[in-house]
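Residues per chain are reported as follows:
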Amino acid sequence: MIERPYDGCGKCLLGVRRLSRVKAATSSPERQREDVLTAAASVGGHITGWADDWEVSGATDPMTRPKLGPWLRDERGPYDGLVAAAVDRLGRNVVDCLNTGYKMRDEGKLLVTYGHDGPWGLDDQVDENRFTMEAWGAQMELRAIQRRNRNATIKMRAAGRPKGKPSFGFQFVRVVVGGKIDHVELHSYASTVIRGVARRILADPEHNTPSSEAARLNRAGELAPVDHLAVMYGKPARGRPWHPTSLEFGSAARSGDI
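Cut-offs applied
Residues numbered from 1 in each chain as written. Predicted model: local features only at pLDDT ≥ 70, side-chain atom pairs only at ≥ 80, totals over all residues. Heavy atoms only, no water. Helix = DSSP H or I, 4+ residues; strand = E, 2+ residues; numbered from the N terminus. Buried < 20%, exposed > 50% of the residue type's maximum accessible area, 1.4 Å probe, protein only. Contact = heavy atoms within 4.5 Å. Areas by Shrake-Rupley, 256 points an atom, 1.4 Å probe, with all protein chains shown as cover. Salt bridge = Lys/Arg side-chain N within 4 Å of Asp/Glu carboxyl O. Phe/Tyr/Trp six-rings, centres within 6.5 Å; stacked < 30°, edge-to-face > 60°. Lys NZ or Arg CZ within 6 Å of the ring centre and 35° of its normal. Core = buried A, V, L, I, M, F, W, Y, C linked by side-chain atoms within 4.5 Å. Pairing = 2+ DSSP bridges. Axes fitted to C-alpha atoms, helices over the stretch in contact; angles between N-to-C directions. Left-handed = near helix turned anticlockwise from the far one by under 90°. Nonpolar A, V, L, I, M, F, W, Y, C, P; charged D, E, K, R; others polar. Expected span 1.5 Å × (residues − 1). 1 Å grid on protein atoms, 1.4 Å probe; cavity = no way out; pocket = protein on both sides within 12 Å on 5 of 7 lines; lining within 4 Å. Points joined across faces, edges and corners; volume = space filled by probe spheres on them.

## Thoughts on the overall build of the protein
In step 1: If you tally the helices and strands in the protein, you get nine helices and six strands.
In step 2: When its C-alpha atoms are laid out on the principal axes, the protein stretches across 65 × 40 × 35 Å.
In step 3: Counting every position in the protein, which comprises 258 residues, the buried fraction comes to 39%.
In step 4: For the protein, restricting intrachain contacts to residue pairs at least 6 apart in sequence, the fraction spanning at least 24 positions comes to 59%.
In step 5: Element-wise, carbon and sulfur atoms account for 54% of the exposed surface of the protein, whose accessible area totals about 14,500 Å².

## Concerning the pattern of salt bridges
Once their charged atoms are close, side chains differing in charge can pair, the charge on each being opposite to the other.
In step 1: On inspection of all chains with the given rule, the structure shows 18 salt bridges.
In step 2: Where Glu55 meets Arg21, a salt bridge forms, and the shortest distance between an N and an O atom there is 3.8 Å. With Glu55 in the loop between β2 (46-54) and α2 (68-72) and Arg21 in the loop between β1 (12-19) and α1 (28-42), this residue pair connects regions lying 34 residues apart in the sequence.
In step 3: For Asp88, the salt bridge identified is with Arg89, shortest N-O distance 2.9 Å.
In step 4: With a relative accessible area of 19%, Asp88 lands in the buried category.

## Here's the deal with the packing of aromatic side chains
In step 1: A full pass over the atoms with the stated rule returns three aromatic pairs.
In step 2: Ring centres of Trp120 and Phe131 lie 5.2 Å apart, and the angle between their planes is 70°; this geometry places the pair in the edge-to-face category. Here Trp120 is found in the loop between β4 (110-113) and α5 (125-158), whereas its partner Phe131 is found in helix α5, with 11 residues between them in sequence.
In step 3: Since its relative accessible area comes to 8%, Trp120 is described here as buried.
In step 4: The exposure class of Phe131 is buried, given its relative accessible area of 0%.
In step 5: Ring geometry for Phe168 versus Trp242: centroids 5.0 Å apart, planes at 85°, classification edge-to-face. Separated by 74 residues along the polypeptide, Phe168 in the loop between α5 and β5 (170-174) and Trp242 in the loop between α8 (225-232) and α9 (251-255) bring together distant segments of the chain. Take Phe168 and Trp242: they sit in the same class, and that class is buried.
In step 6: Cation over ring: Arg17 sits above Trp50, and NZ or CZ is 4.9 Å from the ring centre.

## Quick look at the nonpolar core
In step 1: Grouped together as the largest cluster of nonpolar side chains are 20 residues, with contacts concentrated most on Leu14, Leu68, Tyr79, Leu82, Leu90, Leu111 and Phe131.
In step 2: Elements supplying a minimum of two residues to this core: β1, α2, β3 (81-84), α3 (87-90), α4 (94-106) and α5.
In step 3: Of the residues forming this core, the biggest block, four residues, is contributed by α4.
In step 4: Not counting chain neighbours up to four residues away, the residues in contact with Leu90 comprise Val16, Pro62, Arg65, Leu82, Ala84, Cys97, Leu111 and Phe131.

## Quick notes on the pairing of β2
Side-chain direction in a regular strand flips from residue to residue, so the side chains alternate between the two faces of the sheet.
In step 1: Most of β2 is tucked away, with seven of its nine residues classed as buried.
In step 2: As judged from the eight bridges shared by β1 and β2, these two strands associate in the parallel manner. Counterpart to Leu19 in the pairing with β2 is Trp54.

## A short note on the packing of α4 against α5
In step 1: At their nearest, the axes of α4 and α5 sit 8 Å apart, and the two run at 145° to each other. Our pair here, α4 against α5, has a crossing hand that is right-handed. Side by side, α4 and α5 meet where Val94, Cys97, Leu98 and Tyr102 of the first sit next to Glu128, Phe131, Thr132, Ala135, Trp136 and Gln139 of the second.
In step 2: Here the residues of the contact of α4 with α5 are counted per class, giving seven nonpolar, two polar and one charged.

## Some thoughts on the pairing of β3
In step 1: Both faces of β3 are covered, namely the face carrying Gly81 and Val83 and the face carrying Leu82 and Ala84.
In step 2: The pairing of β1 with β3 spans four bridges and is classified as parallel. By the bridge assignment for β3, Leu13 is matched with Gly81.
In step 3: Bridge count for β3 against β4 is four bridges, and the pairing is parallel. Its bridge partner being in β4, Gly81 is matched across the sheet by Leu110.

## Some points on helix α6 (residues 190-203)
In step 1: Between its first and last C-alpha, α6 extends 20 Å over 14 residues, near the 20 Å set by a 1.5 Å rise per residue.
In step 2: When we look at burial in α6, the residues that qualify are Ala190, Ser191, Val193, Gly196, Val197 and Ile201.
In step 3: Those residues of α6 that are buried lie in contact with β6 (181-186), α7 (210-220) and α8.

## Considerations on the layout of surface pockets
In step 1: Empty space within the second largest pocket amounts to approximately 220 Å³.
In step 2: Forming the walls of the second largest pocket are Pro162, Gly164, Lys165, Pro166, Phe172, Arg174, Val226, Leu229, Ala230, Tyr233, Lys235 and Arg240.
In step 3: Elements with a contribution of two residues or more to the lining of the second largest pocket: β5 and α8.
In step 4: When residues in the lining of the second largest pocket are grouped by element, the largest group, three residues, is from α8.

Here it is as structure tokens:
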């Protein structure tokens, strides 16, 4: 069995998957899963758990990622190493990738990625250089993506066309129906909802977290951002739930809407 609980065999590996944007049409999660299982089997290991960080940028430090972070901080239980579909699934920052790799090395744990022959041996100069080059390539790709996004945002804002969707709590305003977007303003109701969430978390961060607030909003029947947007544009809500990532600090700013 390639997936089974931790048994102390020395090759109980944590499967690592990450995707910046999850869309209905994407098959990346399944492809990553197959690559992870293949890589684990190639070293005689098995998967003892999964750290699936969906809607998480590659620029995020692995130590602070919602799913992978607790494992790296030794808050989730024992494991013998990490296995990912590629180095860029660990992160798209050279320093973050190397810190994660050296942490595995220093703790005597395995680091495995699909397409690499056996575990990475960062004590070996050739392996260390190759790992660094793959991490550098991932970082360069991230920088190119960020540059394209910035340029596209500048051009589309200048033309009065939206790039993406308004963040929850905001709405686009057109002076002329069907015309260019003139500016962005607070949505009268949604802004009160998100401000209420912020006040609750800031007042008691130990007991009120993005996860608990998402659960509270679901119980209260508040429309999730995607359904709220659909209703704003005259479409029916589909009953989709709130997720903790919708409430994490900086998500609105990262979207480029404000």
